[in-house]
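Each chain, letter by letter, is given below.
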Amino acid sequence: MFEKELTDALAVEGLSAQDVQSALETPKEAKMGDICLPCFKFARTMRLAPPVIATKLLPYVEALDFVDKVEVVGGYLNIFFDRNTLAKKAISEANNQNVGASSEGEGKTICIDYSSVNIAKPFHIGHLGTTVIGGALYRIFEHLGYKVVGINHLGDWGTQFGKLIVATRKWSSLEEVAQHDEYFLNKLYVRYHKEAEAHPEMDDEARAWFKRIEDGDKEATAYFDVFKKVTMTAVGKIYDRLKIKFDSYAGESFYNDKMEACLDILREKHLLVESDGAQVVNLDAYDMPPCLLVKADGATLYATRDIAAAYYRKKTYNFYKCLYVVAYQQNLHFKQLFQVLKLMDFAGADDMEHVAYGMVSMEDGSMSTRSGRVIWLQEVLDKAVEKARKIIEEKNPDAPNKDEIAESVGVGAVVFSSLWNNRIKDIVFSYDKVLNFDGETAPYVQYTYARCASALRKGGDVDMSNFDLGAITSDEGYDVIKSVITFGDSVRLAAKLREPCYVTRHIVDLAEKFNRFYIDHRILVDDAPTRNARLALTKAVGNVMRVGTSGHFRSRRNVKTRQTAKYCVNTPRPPTHVRIVH
């Protein structure tokens, strides 16, 4: 907030704008100002004591029209903004339908690889992180003017498909599989692994079937196509519920005919060496184990296909950045991948990033699809919606569109829980925690937006030319004003650090501050200038919340009490996707 103006004004006395910007801080207490400049780090450059430096810089800040007063406290320059100036700025946000947006990404393309589901396996809770973090980053970067390409790098290649063919032929049929869902496929997969423990020769048969898929065998690819169709139909329903979209579903199989050209580059550069019959890139010089690209039997691996994908994406999209939203368990894989690409002199090698996130485990241990120890995401979403529906029935049985409301609140609660913490944090999944609708939760945010919408609906049109700024510049109102104005800062910080939680937390913070203001200061008063000012601020808050929670809003009716509103508002999903349009 006003950082550019401050850094420009203070780029004097031998200081650079960059020096000033890196030193600016937000004080922990309001009595210390809205922003402060510790001058200790300038002592060596200016050859003066910090208090003297602060005094010397004070006049440059006092001259700014948005500054109310400046204080020198020790070596600190404490700056207080003019509340009326900020109030006008906040109110202007009421009419900004794209609040917090910028054009900083104009002309730049960002590829984001996320979700990347495995064919023939249902969506489980472990897929939630990559899916919603990737979806949120998509909307964040799009909001900042970037062209974003969302890529679902499907796990649609490997011997698991040979295993499924064997299982289908033994215990089912292609026709039966086509009539069922991905859970049926998973049961076959789990049964295969149990049976293979006693009959290891089944693995040889599975490898043979996958080889037939690789060779384009008609019978084998018929099975493969059905597995893929059943899976994509199922996961598509989950994506619809989560409001997640992709621009490309080019999975591993897509790069099957593009790997050899990449291997040729490695051979030309004498990077590909033989090791026990396999072909690897030696990375000893970088303190990493060798990167295995071709197994002794001639089969390729994830890394081989990822190299081919990198080349394809750079050629097709000419990306500015290519982000991989994948769990931190794959840290080594991506370190190896990026290093190999650098050795290949790949043009985009320095523009690729692994956006790691924490793992999800069950309260009694880790998950395993093979052993059947897994929590299905559909089950989690359904339980959350069921709980929301039950609360609606108890608190407001006459509410219209109860199923739609329950879906919005229930799904929102699950997604919100995945975006509240820093992405790298591990999560022990607990239904009690995820389905807790109290505290800093999606329903609280939804309730606050509903409160804004209700006040605006009852207050009617806001006369923007007739308002009293003093009606919204109390301490409580000023806290709301600052939160409205700094929303764009949180969006940019979330983009810079690849951390959607900064937007999530900003929206919750805004909700808390607005509710304190709402309780202490009536919105719909008789005095027109006061009412207009407070309605304008309410409109600005609602606008920020609409954008911050992706704008998935509808009308709200028949909400009779605060407790009812908390669970029955038909408002947006939580701050999952920082974008107005899905």
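This structure is a prediction, so every number in the text was calculated from the model and none was measured. Counting from 1, residues in each chain are numbered in the order their sequence is written. Local features in this predicted model are restricted to residues whose pLDDT is 70 or higher, and side-chain atom pairs enter the listing and the counts only when it is 80 or higher, whereas totals over whole chains, interfaces and linings include all residues. Water and hydrogen atoms were dropped before computing side-chain values, which therefore reflect all heavy atoms in the structure.

What follows is about the overall build of the protein. Per the convention used, a helix needs a DSSP run of H or I reaching at least four residues, while a strand needs a run of E reaching at least two, with both numbered from the N terminus. Looking only at helices and strands, one finds 23 helices and 12 strands in the protein. Based on the C-alpha atoms only, the size of the protein along its principal axes is roughly 80 × 70 × 40 Å. Partitioning the intrachain contacts of the protein with sequence separation of at least 6 by distance along the chain shows that 75% fall at a separation of at least 24. Accessible area for the protein stands at about 25,600 Å²; split by element, carbon and sulfur atoms hold 47% of it. A residue counts as positive if it is Lys or Arg and as negative if it is Asp or Glu; His and the chain ends are not included. Charged side chains are reduced to one point each, which is NZ for Lys, CZ for Arg, CG for Asp and CD for Glu. In the protein, 76 side chains carry a positive charge and 79 a negative one; their mean positions are 3 Å apart. We call two residues in contact when some of their heavy atoms are within 4.5 Å. Residue burial considers only the protein chains on display, and all accessible areas are found by Shrake-Rupley using a 1.4 Å probe.

On to the packing of aromatic side chains. Stacked, edge-to-face and tilted labels apply to pairs of Phe, Tyr and Trp rings (six-membered ring for Trp) whose centres lie within 6.5 Å, assigned for plane angles under 30 degrees, over 60, and everything in between, in that order. For the structure shown, the criterion picks out 23 aromatic pairs. Here the aromatic rings of W157 and F210 are separated by 5.2 Å at their centres, their planes lie at 70°, and the arrangement is edge-to-face. Placement of W157 in the loop between β5 (147–151) and α7 (160–171) and of F210 in helix α10 (residues 201–214) is noted, with a sequence separation of 53 residues between them. The cationic tip of K108 hangs over the ring face of Y320; the distance from NZ or CZ to the ring centre is 4.7 Å. In this scheme, the term charge over a ring applies when either NZ of a lysine or CZ of an arginine sits within 6 Å of the ring centre and within 35 degrees of the ring normal.

This paragraph deals with the sheet that holds strand β3 (residues 76–81). Reading across from one edge, β1-β3-β2 is the order of the three strands in this open sheet, with antiparallel pairing throughout. The open sheet is flanked by β1 (35–38) and β2 (67–73), the only strands paired with a single partner. Along the sheet, successive strands turn relative to each other by an average axial angle of 20°, direction set aside. In terms of strand pairing, β2 meets β3 through six bridges, oriented antiparallel. The residue bridging V73 from the neighbouring strand is Y76, located in β3. Whenever a helix is involved, its axis is fitted only over the stretch in contact; in every case the axis is a line through C-alpha atoms, and angles between N-to-C directions fall within 0 to 180 degrees. Across the sheet, helix α4 (residues 50–62) lies against β1, β2 and β3, angled at about 175° from β2, the strand it touches most. In short, DSSP must find at least two bridges between two strands for them to pair.

With that settled, the discussion passes to the nonpolar core. By nonpolar core we mean a set of buried residues, namely Ala, Val, Leu, Ile, Met, Phe, Trp, Tyr and Cys, connected to one another through side-chain atoms within 4.5 Å. Note on exposure labels: buried denotes an accessible area under 20% of the residue type's maximum, exposed denotes more than 50%, and partly exposed covers the range between, all computed with a 1.4 Å probe on protein chains only. One finds L6, L37, L57, F81, I112, F141 and L242 to be the most contacted residues of the largest nonpolar core, which totals 119 residues. Counting residues per element, this core draws most heavily on helix α22 (residues 528–548), which supplies nine residues. With sequence-adjacent residues up to four places away left out, F141 is seen in contact with I110, I112, Y146, V148, L323, A495 and R498. Of all hydrophobic cores here, the second largest spans 34 residues; its members include I151, M288, V294 and I307.

Turning next to the side chain of N543. Counting through the fold element by element, N543 comes out in helix α22. Within the structure, N543 has its side chain in polar contact with the backbone oxygen of N96 (distance 2.3 Å). In contact with N543, other than residues within four places in its own chain, are E93, A94, N96, Q97 and V99. Residues adjacent in sequence count toward polar contacts only when both atoms are side-chain atoms; beyond that, a polar contact is any pair of N or O atoms within 3.5 Å, and within protein one must be able to donate a hydrogen and the other to accept it.

Sheet topology note: the strand β6 (residues 272–275)/strand β7 (residues 278–281) ladder contains four bridges and is antiparallel. Paired with L272 across the bridge in β7 is V281. Connecting β6 to the antiparallel partner β7 that follows it, the hairpin turn spans two residues, and D276 within it adopts a positive phi of roughly 55°.

In this scheme, patches are assembled from residues that exceed 30% relative accessible area and form no salt bridge. Like charges are connected within 9 Å, while nonpolar side chains (Val, Leu, Ile, Met, Phe, Trp, Tyr) are connected within 5 Å. When a carboxyl oxygen of Asp or Glu is within 4 Å of a side-chain nitrogen of Lys or Arg, the pair counts as a salt bridge. A grouping of F40, V73 and Y76 is seen on the molecular surface, where their side chains present a nonpolar patch of about 270 Å² in accessible area. Turning to its location among the elements, V73 is positioned in strand β2. With relative accessibility at 43%, the residue V73 sits in the partly exposed group.

A few words on unusual backbone geometry. Residue D345 is not a glycine yet carries a positive backbone phi of 60°. Locating D345 in the fold gives a position in the loop between α14 (331–343) and β10 (352–357). Of note, the phi angle at R498 is positive, near 55°, even though the residue is not glycine. Following the sequence through the fold, R498 ends up in the loop between α20 (487–497) and α21 (501–520). Assessed through its relative accessible area of 11%, R498 is described here as buried.

This part covers helix α18 (residues 442–459). In an α-helix, one full turn covers 3.6 residues, which means residues spaced three or four apart are oriented alike. End to end, α18 covers 26 Å across 18 residues, agreeing with the expected 26 Å (1.5 Å per residue, within 8%). Of all the 18 residues making up α18, 14 are buried; the element is thus mostly covered by neighbouring parts of the structure. Immediately beyond the C-terminal end of α18, within one or two residues, lies G460, with a positive phi of roughly 75°. The span one expects for a helix is its residue count, reduced by one, times 1.5 Å.

Interhelical geometry of α20 versus α21 gives an angle of 155° and a closest axis separation of 7 Å. Comparing the axis directions of α20 and α21 gives the class roughly antiparallel. Between α20 and α21, the contacting residues are F487, S490, V491, L493, A494 and L497 on the first element and Y502, V503, H506 and I507 on the second. Considering only residue class, the contact of α20 with α21 consists of eight nonpolar, two polar and no charged. When an angle is under 35 degrees it counts as roughly parallel; over 145 it counts as roughly antiparallel; between 65 and 115 it counts as roughly perpendicular; any other value is oblique. Throughout this entry, Asp, Glu, Lys and Arg are counted as charged residues, while Ala, Val, Leu, Ile, Met, Phe, Trp, Tyr, Cys and Pro are counted as nonpolar. The remaining residues, Gly among them, count as polar.

All right, on to the pattern of salt bridges then. Charged atoms that come close allow side chains of opposite charge to pair. Under the criterion given, the structure shown has 28 salt bridges. Across the pair D217 and R212 runs a salt bridge, and its minimum N-O distance is 3.0 Å. By relative accessible area, which is 29% here, R212 ends up partly exposed. Across the pair K513 and D509 runs a salt bridge, and its minimum N-O distance is 3.0 Å. In this pair, K513 and D509 both sit in helix α21, four residues apart, roughly one turn of the helix. Residues joined in a network through salt bridges with shared partners are R169, R212, D217 and E219.

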